[in-house]
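Analysis of the macromolecular model
Residues per chain are reported as follows:
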Amino acid sequence: MLHKIHVYHTNDLHSHFENWPKIARFLKERQIIHEQNGEEFLLFDIGDHVDRSHPLSEATAGKANVSLLNQLNYHAVTIGNNEGITLSYKGLNELYENAHFPIIVSNLYDANGVRPKWAKPYLIINCSNGFKIGLLGVTVNYEKFYEMLGWKMVSPFESIKEVLQAIRNEADIIILLSHLGITDDEWVAEQFPEIHLILGGHTHHVLPTGKYVRNSLLAGAGKYGQWIGHVELSIDVNERKLIHVKAELMDINQLTKEDEQTRRWLERNVDKAKKHLEKKVAELKEPLEVHWFSDSPFAKLLASAIQEWCDGELAMVNAGVLLESLPKGPVTKGDIHRICPHPINPCKVMLKGDQLKEVILQARTKKMEQLQLKGLGFRGKVMGRMIFSGAEVIAKTLNDGAEHVQQININGKPLDPNRMYAVATLDMFTLGPLYPELSHAKEKQYYMPEMLRDVLEWKLQKLSKA
């Protein structure tokens with residue numbers, strides 16, 4: 001006798017709530033249909049549901065996201081890096097205090113090596129037909145960032161191995177909630193063929209019908225709620241064996257109906273969040289203008305703030321992180337969040353002079369200035385001009401509009417190619433391929449949990465008091 005289990009999954013919503021009423025309507029309807037047919041319905045989220053770039057997540061420290069998951073009766077979730085490292089230690093510890101679902105993440109501990117009370121290493125789901133599903137969960141190993149916040153992160157692969165040994169004789173099939181990314185998911189499938197289904201996130205991969213790697217089916221539903229994942233498991237009840245697996249994605253653009261209750265809840269709570277962020281934090285005596293492709297007072301101020309905050313010899317920040325200028329007059333928390341929504345932290349990197357020169361030369365190209373970056377915490381539209389504090393770049397504009405850098409001075413002295421410099425900048429430059437010299441540097445110091453907007457607020461308060 002065959003029995004069907006329907007697994008639905010979301011991942012990397014990043015607080016794009018504009019799609020959530022449609023998602024809610026679809027999932028509520030599907031749950032009713034499957035229950036009427038006597039079929040199992042399971043619903044999981046794979047992390048990065050929270051993104052503090054949205055006012056509702058910012059004002060509630062992500063707890064509004066948990067409320068939305070509660071409303072749809074999610075069966076379990078794992079955490080992403082946005083839940084894990086854009087909130088303080090206290091913030092993450094309190095995030096799920098009102099959750100109606102278990103949080104499955106086995107590779108996160110506090111600094112003393114004790115698993116947090118709100119996290120479970122695995123879950124055994126007992127289906128109505130007696131079939132048992134072993135549910136695992138792991139998140140991406142941003143070890144240094146977690147350590148600075150008071151957490152201890154261990155290898156997700158070693159953690160998977162340990163949990164598999166613990167549940168080997170308890171589960172008929174095994175599902176992994178993985179916020180590791182597609183490459184690591186493929187590696188896990190190669191190393192642990194006993195895992196039947198890997199529901200993935202983090203790299204925003206889209207797998208319309210899934211992807212088989214050895215015995216495992218990999219599934220991924222993109223980002224921002226643009227798709228809803230569905231995996232149908234056909235079970236031979238008598239043999240207690242998985243017979244067939246089929247994966248598909250539901251395109252949110254093909255859905256026309258919204259859940260009105262969810263839409264109204266979002267409208268009310270977004271309004272409350274915006275009012276919560278109306279707290280005045282500074283008073284500007286003069287307007288602060290930003291221009292993305294030229295030097296401007298606001299970008300200069302931010303570069304100076306980062307240099308001071310990190311105690312750097314110089315600082316570099318791209319103008320595109322400031323989305324708008326600020327007029328003369330009062331400045332609220334909401335204003336600062338609106339113009340600087342990125343979950344980006346300041347950091348300090350030690351660079352040799354010749355490496356610093358390469359970074360500056362690369363930064364001052366049109367290609368880099370006009371780059372429309374997606375990811376690495378950047379929530380803006382375009383990178384913009386690199387602005388410096390403590391560094392002077394003397395350049396000549398050529399006939400084609402390109403710049404030829406003639407000289408670089410650091411605090412009034414010519415750059416020494418053999419000297420080490422303390423460069424204050426943004427953590428996103430150390431995480432990806434934008435500037436290899438920064439990402440490969442051996443000495444890096446991150447400043448957490450304060451984000452770029454916290455540094456900006458601190459600087460504006462100082463400015464308004466001057």
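Report follows, based on the coordinates. Please read these numbers as outputs of a predicted model, since none were measured by experiment. (Residues numbered from 1 in each chain as written. Predicted model: local features only at pLDDT ≥ 70, side-chain atom pairs only at ≥ 80, totals over all residues. Heavy atoms only, no water.)

Okay, helix α3 (residues 63-71) next. Turning to α3, its buried residues are Ala64, Asn65, Val66, Leu68, Leu69 and Asn70. For α3, the secondary structure elements touched by its buried residues are α1 (20-36), β2 (40-45), α2 (55-60), β3 (76-77), α5 (89-95) and α9 (260-276). Remark: Asn73 follows α3 within two positions and exhibits a positive phi of approximately 55 degrees. (Buried < 20%, exposed > 50% of the residue type's maximum accessible area, 1.4 Å probe, protein only. Helix = DSSP H or I, 4+ residues; strand = E, 2+ residues; numbered from the N terminus. Contact = heavy atoms within 4.5 Å.)

What follows concerns empty space enclosed by the protein. Evaluation of the coordinates by the stated rule reveals 2 cavities of 30 Å³ or more. Considering the residues around the largest cavity, the lining is formed by 13 residues, among which His49, Val50, Leu69, Glu83 and Tyr96 are closest to the centre. At 3 residues, the largest contribution of residues to the lining of the largest cavity is made by α3. Across the lining of the largest cavity, the residue classes break down as 6 nonpolar, 5 polar and 2 charged. Taken as a whole, the second largest cavity spans an internal volume of roughly 50 Å³. Forming the walls of the second largest cavity are Thr10, Asn11, Leu13, Trp20, Ile23, Asp45, His49, Gly225 and Trp227. Considering only residue class, the lining of the second largest cavity consists of 4 nonpolar, 4 polar and 1 charged. (1 Å grid on protein atoms, 1.4 Å probe; cavity = no way out; pocket = protein on both sides within 12 Å on 5 of 7 lines; lining within 4 Å. Points joined across faces, edges and corners; volume = space filled by probe spheres on them. Nonpolar A, V, L, I, M, F, W, Y, C, P; charged D, E, K, R; others polar.)

Moving on, we get to the sheet that holds strand β12 (residues 211-213). With mixed pairing, the 6 strands of this open sheet are ordered in space as β7-β8-β10-β11-β13-β12. Since the sheet does not close on itself, it has two edges, and those belong to β7 (122-126) and β12, each with one partner. Sheet twist, expressed as the mean angle between neighbouring strand axes with direction ignored, is 25 degrees. Here β12 pairs with strand β13 (residues 216-220) via 3 bridges, running antiparallel. (Pairing = 2+ DSSP bridges. Axes fitted to C-alpha atoms, helices over the stretch in contact; angles between N-to-C directions.)

Orientation of helix α10 (residues 297-310) relative to helix α16 (residues 452-465), taken along the N-to-C sense of each, is 100 degrees, at an axis distance of 9 Å. With respect to their mutual orientation, α10 and α16 come out roughly perpendicular. Judged by residue contacts, Phe298, Leu301, Leu302, Ser304, Ala305, Ile306, Glu308 and Trp309 of α10 engage Leu452, Val455, Leu456, Trp458, Lys459, Leu460, Lys462 and Leu463 from α16. Residue composition of the contact of α10 with α16, grouped by class: 12 nonpolar, 1 polar and 3 charged. (Parallel < 35°, antiparallel > 145°, perpendicular 65-115°, else oblique.)

This part is about the sheet that holds strand β20 (residues 386-389). Read across the open sheet, the 5 strands follow the order β20-β17-β24-β19-β25; overall the sheet is mixed. Two strands close off the open sheet at either side, each with one partner strand: β20 and β25 (444-446). Ignoring strand direction, the axes of neighbouring strands in this sheet form an average angle of 25 degrees. Across 4 bridges, the pairing between strand β17 (residues 314-318) and β20 is antiparallel. Bridged to Asn318 within β20 is Met386.

This part covers the nonpolar core. Membership of the largest hydrophobic core comes to 104 residues, with the highest contact counts inside it found for Tyr96, Trp118, Tyr435 and Leu460. Examining the composition of this core, we find that 7 residues originate from one element, α10, more than from any other. Those residues in contact with Trp118 that sit more than four places away from it in its chain are Ile79, Leu92, Asn93, Tyr96, Ile103, Val105, Leu108 and Trp151. (Core = buried A, V, L, I, M, F, W, Y, C linked by side-chain atoms within 4.5 Å.)

This next bit is on the pattern of salt bridges. Scanning the model with the defined rule gives 23 salt bridges in all. In this structure, the salt-bridge partner of Lys459 is Glu308, at a minimum N-O distance of 3.0 Å. Residue Lys459 is located in helix α16, and its partner Glu308 is located in helix α10; the two are separated by 151 residues in the primary sequence. Here Glu308 falls in the partly exposed class, since its relative accessible area comes to 37%. What you see here is one network of salt bridges that share partners, running through Glu258, Glu260, Arg263 and Glu267. (Salt bridge = Lys/Arg side-chain N within 4 Å of Asp/Glu carboxyl O.)

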